[in-house]
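Observations on the three-dimensional arrangement
Chain by chain, the residues run as shown.
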Amino acid sequence: MAAPTATIWDLDPHTRAKHEILRRYLQAWTPILTQGGFPEILYVDGFAGPGRYSAGEDGSPIIALRAALGPASRSAATIRFLFIEEKEDRARILEEIVSEMDVPANIKVEVRGQETFEAVFRPILMSYGAKGVRPPPIFAFIDPFGWTGAPFSMVQEIMGYRSCEVLINFMYEEINRFIGLPDQVRNFDTFFGTRDWRDGAALRDPRERRPFFHNLYLRQLREAARAKFVRSFEMRNERDRVDYYLFYASNNLLGLRKMKEAMWKVDESGEFTFSDATDPNQAVLFEPQPRHDVLRRQILERFADREVTVKEIETFVLAETAFRETHYKRDVLRRLELANPPTIEIIDPPAGRRRGTYGDESLRLRFLPGLL
């Protein structure tokens, strides 16, 4: 999608899908943190827009604000919202919408217009370092139209703090279209945080070019930003072409759990087409019925002929596969244990345990040889 020139524009289907993911995630993220003993949490929308679409649909900043209303009323924590919008006309409309909303006293909203994401947020992050204090938990939604204004150095700074995470819209179609232009070299150096993107720009085959740029940004999040947990989600447009990727990075396994929950539930109608693309060789489409055969194979490839705990399996499923923690017990472990003959062995089961149940995360089991 090209950057709109109008103050308010139409909401396209895949932006709606992206917003639904954001809404579902924040509905989980906000209560967890407001009840977690943090005196303050901070939500940042670096490219906020006007807060409304042409048919009256909520934009991302209003979606985030509405997600916090219930948890805020039950918490003493201060929830700060920083909405940054460079276009003055859009920022003005957003301010008007926010001013008309009835929000609790512990929700603080600041709209910054006529300024860029970097110009506003970098000094805020630096101020914490200058004071020698950690920032509050931060969720940064970085959703540019293209690649400018979202330097990777900002992502690195955010991810340098343990309780901070990002959701980034990687606009592949726009990037792919303009990455060969000589006047954009410095901008792409800044966006990727490395000069290595040049190798991808030289590729002519789109089957090589697209995974190259995806994998480069994924590598930067893992290695340069040192994010502990990173997932990417491939979003396809109405022509079944990859339009953009959503990259989620966190240092918290619970955050990853909630993001996966949001992804798997975001569109049970099947209107949208998107998948977990973190591993291009094992991309998993989000469908009402997960591919348990794929998850079974991944678990067996990792743990075949080994003795492991249920907790180890769950951590692997969450951190290293596309699947949720709800996908592996009933439809993988239970089937293996109840097979005739059983293909997993339970080690020293506690008295009274029912076969096919795995509520005890310390329960040990062994995958028997020859299952692959």
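Quick caveat: nothing in here was measured; it's all calculated off a predicted structure. (Residues numbered from 1 in each chain as written. Predicted model: local features only at pLDDT ≥ 70, side-chain atom pairs only at ≥ 80, totals over all residues. Heavy atoms only, no water.)

1. Quick notes on the layout of surface pockets
Space inside the largest pocket adds up to approximately 680 Å³. Lining the largest pocket are 36 residues, with Phe47, Arg90, Asp143, Pro144 and Phe145 positioned closest to its centre. Among the elements of the structure, helix H1 (13–34), strand E2 (78–85) and strand E7 (242–250) are those that each provide at least two residues to the lining of the largest pocket. Examining the composition of the lining of the largest pocket, we find that three residues originate from one element, H1, more than from any other. (1 Å grid on protein atoms, 1.4 Å probe; cavity = no way out; pocket = protein on both sides within 12 Å on 5 of 7 lines; lining within 4 Å. Points joined across faces, edges and corners; volume = space filled by probe spheres on them. Helix = DSSP H or I, 4+ residues; strand = E, 2+ residues; numbered from the N terminus.)

2. Concerning the pattern of salt bridges
A complete count under the given rule lists 31 salt bridges for this structure. With its nearest N and O atoms 3.0 Å apart, the salt bridge here joins arginine 219 to aspartate 196. Here arginine 219, found in helix H9 (residues 206–224), pairs with aspartate 196, found in the loop between helix H7 (185–192) and helix H8 (197–201); they are 23 residues apart in sequence, far enough to count as distant. By relative accessible area, which is 32% here, aspartate 196 ends up partly exposed. Members of the salt-bridge network, linked through shared partners, are Arg257, Lys258, Glu261, Lys265, Glu314, Arg324 and Glu325. (Salt bridge = Lys/Arg side-chain N within 4 Å of Asp/Glu carboxyl O. Buried < 20%, exposed > 50% of the residue type's maximum accessible area, 1.4 Å probe, protein only.)

3. Here we look at the packing of helix H4 (residues 117–131) against helix H5 (residues 152–159)
It is at 11 Å that the axes of H4 and H5 come closest, and there the two elements cross at 30°. In terms of orientation, H4 and H5 fall into the roughly parallel class. The two elements H4 and H5 cross, and the hand of that crossing is left-handed. Two secondary-structure elements touch here, H4 through Phe117, Glu118, Phe121, Arg122, Leu125 and Met126 and H5 through Ser153, Met154, Glu157 and Ile158. When its residues are assigned to classes, the contact of H4 with H5 shows six nonpolar, one polar and three charged. (Axes fitted to C-alpha atoms, helices over the stretch in contact; angles between N-to-C directions. Parallel < 35°, antiparallel > 145°, perpendicular 65-115°, else oblique. Left-handed = near helix turned anticlockwise from the far one by under 90°. Contact = heavy atoms within 4.5 Å. Nonpolar A, V, L, I, M, F, W, Y, C, P; charged D, E, K, R; others polar.)

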